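Examining the three-dimensional arrangement
The primary structure of each chain is shown beneath.
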Amino acid sequence: MPDKKESPDLKNLSFSDSVSYYFDKASPFTGAPQGLLDQIKTCNSIYKMNFPVKYGNEVRVIEAYRVQHSHHRMPTKGGIRYSLQVDQDEVMALAALMTYKCALVDVPFGGAKGGIKISPRQTSPEILENITRRYTTELVKKNFIGPGIDVPAPDYGTGEREMAWILDTYVTLNPGEINGYGCVTGKPISQNGIHGRTEATGRGVVYALNEICSYKDDMKDLGLETGLEGKRVIVQGLGNVGYHTARIITQYGAKVIAIAEADGAVYDENGLDIDHLYKYRQEKKSVKGYTKGAAKVIADSASALELECDILIPAALEKQITEKNASRIKAKIVAEAANGPVTPAAENILLKKGVMIIPDIYVNAGGVTVSYFEWLKNLSHVRFGRMQKRWEEKHQTDFIKLIEELTGKTVPKARIESLIHGADEIDLVNSGLEDTMIEAYRDIREFKKRRKSEIDIRTAAFAVSINKIKNSYYAMGIFP
Ligand code: NAD
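Throughout what follows, the structure given in this document is the object of discussion.

A look at the pattern of salt bridges
For the structure on display, the rule yields 32 salt bridges. The shortest N-O distance in the salt bridge between R81 and E90 comes to 2.9 Å. The residues R81 and E90 share a single accessibility class, namely buried. In this structure, the salt-bridge partner of D398 is K394, at a minimum N-O distance of 3.3 Å. Here D398 pairs with K394, and both are found in helix α13 (residues 389-407), just 4 residues apart, close to one helical turn.

Okay, here's the thing in structure tokens:
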């Protein structure tokens, strides 16, 4: 870990050291005593496991992790990643980011993360299922999963399917546990999931950018107009987060001019048809050969990040913008939809160039926010909106009738339909998500503005988050 007093070699920091570096940079703005800062920063529990799994006639030993970074709030919460890059340092970094993220957006969980070192694309669904079920069993054996203990969710390389296997394994091993469905989030709707979770991270990124781009002064400093309308956007990664971000941001009038995937990038100055490209990649398992409209494929995918644009959204993996390519980045805003895509060395270069960096702990917090709503739904055993939807509609109808009686005028039918519509689960989820993203950005911006000396957005976000965790420890009475 870098010592606060020494200046660390930014080019050689591991992922978890980078997170600690950002933490240390923000700590002086929190007024928290050193002992408390040390407690907040450290990982509370690290569980490394190795278990055997059959691959046809052979047996392979699988390496996997679950890290609970902070127990200041329980349960802990965080995704599970399937990738060959998984190691202890990566899972520790991701778990720490979860703690700061949850605190920042007022989601009452400690941070956690899990990882299994496998390639999901090169593993058959049957073997993936065996691995997922065995991993869940290991977590149950050590009491590392449960609705009040630790609640996983999807991350890189995992989705609804894996969450359903985790749920099924957990409830099988814990028969009769009334809140068992709350042991994991990101589940299919039919398995007590929630509407809007799949796209929540991407939708949250767009709500955040919509808020960020609404401040005239901030946009003027960047030489941009307010609003998302007409903004030229580049997205890295067409997986869960990248696809939904790209799809939803175009609904706000932005133009996605390039998508960079692992095997190549696709570029069209007029704006890409995101759904068409997504379906093409699903079918062909590659973006290569994509030609719709004026689209061109760029073989060197990473070079697409350096194209002229207003907003660059890395939504794939960590360490994508480093000291090697940062000086060539032309975007005015970099929004970290992925966790840790900009390294500290790159951040310094970008900040000197005047680039606005929107940190991961804020901008990709939409996923955990809606996971929290799913967990609440599971504990309350009722769908959001079920109790009040019809009552709201009747109440609104009566109100419109009264207006018509009093004015002698008739409200047009089309208006009545939109006015009386009672909230469905998806309306409430999206409304709660939008409010969360807006409020959190206002907190960060306010904090940044109140400092006498200039601080960057990441430092402000970390400081706001650390302050909330600090207050939580004070309320527990652990620190004087
Ligand atoms: P995913 O597996 O659904 O998609 C990742 C995509 O990135 C894949 O399509 C993959 O081919 C692509 N990719 C991999 N390496 C690449 C490269 N070098 N260049 C371009 N593309 C590349 O994963 P996801 O769930 O979308 O997660 C992406 C990032 O977002 C991760 O950092 C994850 O931690 C973060 N995140 C995810 C969630 C969530 O709800 N899923 C929430 C918060 C943060």
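Description of the nonpolar core
Ranked by internal contacts, the top residues of the largest apolar core, which has 93 residues, are L209, I313, I333 and Y362. Among residues more than four places away in sequence, those in contact with I333 are L209, C213, M219, L222, L224, D310, I311, L312, V355, M356 and I358. Among the nonpolar cores identified, the runner-up in size contains 25 residues, and M49, F51, I145 and Y170 belong to it.

Observations regarding a nonpolar patch on the surface
A contiguous nonpolar surface patch, about 410 Å² in accessible area, is contributed by F399, L402, I403 and L406. Relative to the helices and strands, L406 is located in helix α13. A residue is classified by how much of its surface remains accessible, and L406, at 68% relative accessible area, is exposed.

Overview of the site of the ligand
Within the structure, the ligand sits among 25 residues, and R81, D155, T201, E261 and N339 are positioned closest to it. A distance of 2.8 Å separates an oxygen atom of the ligand from a polar side-chain atom of T201. A distance of 2.9 Å is found between an oxygen atom of the ligand and a backbone nitrogen or oxygen belonging to V241. Protein chains bury 87% of the 840 Å² of accessible surface belonging to the ligand in isolation. For the shell around the ligand, a count of residues per class yields 11 nonpolar, 9 polar and 5 charged.

Topic: the packing of aromatic side chains
A full pass over the atoms with the stated rule returns 13 aromatic pairs. Ring geometry for Y21 versus Y22: centroids 5.7 Å apart, planes at 55 degrees, classification tilted. Residue classification places Y21 among the buried residues on the basis of a relative accessible area of 14%. Overall, the relative accessible area of 6% leaves Y22 in the buried class. Ring geometry for Y100 and F462: centres 5.2 Å apart, planes at 50 degrees, overall tilted. You can see Y100 sitting in helix α3 (residues 88-104) and its partner F462 sitting in helix α16 (residues 457-476), a full 362 residues away along the chain. The residues Y100 and F462 share a single accessibility class, namely buried. Cation over ring: R445 sits above Y215, and NZ or CZ is 3.8 Å from the ring centre. The ring of F447 carries the charged tip of R451 above its face, separated from the ring centre by 4.0 Å.

Brief notes about the state of the cysteines
If you walk through the whole model with that rule in mind, you get 0 disulfides. Left without a disulfide partner, C43 is nearest to the cysteine sulfur of C102, which lies 14 Å away.

Comments concerning the pairing of strand β5 (residues 150-154)
Counting buried residues in β5 gives 4 out of 5 residues, a clear majority hidden from the surface. Pairing of strand β3 (residues 76-82) with β5, which is carried by 5 bridges, proceeds in the parallel orientation. Paired with I80 across the bridge in β5 is P154.

Concerning unusual backbone geometry
In this structure, the amide linkage connecting M74 to the following residue, P75, adopts the cis form with an omega of 5 degrees. Checked against the element boundaries, P75 lands in the loop between β2 (58-68) and β3. Even without being a glycine, N192 presents a positive backbone phi close to 70 degrees. Accessibility expressed as a relative area gives 31% for N192, which makes it partly exposed. Despite not being glycine, K319 shows a phi value in the positive range, around 55 degrees. On the secondary structure map, K319 appears in the loop between β10 (311-314) and β11 (333-335). Owing to a relative accessible area of 38%, K319 belongs among the partly exposed residues under this scheme.

Thoughts on the packing of helix α6 (residues 200-212) against helix α12 (residues 366-380)
Their axes nearest at 7 Å, the elements α6 and α12 cross at an angle of 120 degrees. Between α6 and α12, the crossing angle belongs to the class labelled oblique. Remark: the crossing between α6 and α12 carries right-handed chirality. Along the contact surface, α6 presents A200, T201 and G204, while α12 presents G366, G367 and V370. A class-by-class count of the residues in the contact of α6 with α12 yields 2 nonpolar, 4 polar and no charged.

Cut-offs and rules
- Residues numbered from 1 in each chain as written.
- Predicted model: local features only at pLDDT ≥ 70, side-chain atom pairs only at ≥ 80, totals over all residues.
- Heavy atoms only, no water.
- Salt bridge = Lys/Arg side-chain N within 4 Å of Asp/Glu carboxyl O.
- Buried < 20%, exposed > 50% of the residue type's maximum accessible area, 1.4 Å probe, protein only.
- Helix = DSSP H or I, 4+ residues; strand = E, 2+ residues; numbered from the N terminus.
- Core = buried A, V, L, I, M, F, W, Y, C linked by side-chain atoms within 4.5 Å.
- Contact = heavy atoms within 4.5 Å.
- Patch = residues over 30% accessible without salt bridge, like charges linked within 9 Å, V, L, I, M, F, W, Y side chains within 5 Å.
- Areas by Shrake-Rupley, 256 points an atom, 1.4 Å probe, with all protein chains shown as cover.
- Near = heavy atom within 4 Å.
- Polar contact = N/O pair within 3.5 Å; in protein donor to acceptor, adjacent residues only side chain to side chain.
- Nonpolar A, V, L, I, M, F, W, Y, C, P; charged D, E, K, R; others polar.
- Phe/Tyr/Trp six-rings, centres within 6.5 Å; stacked < 30°, edge-to-face > 60°.
- Lys NZ or Arg CZ within 6 Å of the ring centre and 35° of its normal.
- Disulfide = S-S within 2.5 Å.
- Pairing = 2+ DSSP bridges.
- Axes fitted to C-alpha atoms, helices over the stretch in contact; angles between N-to-C directions.
- Parallel < 35°, antiparallel > 145°, perpendicular 65-115°, else oblique.
- Left-handed = near helix turned anticlockwise from the far one by under 90°.

Just geometry here; none of it tells us what the structure is for.
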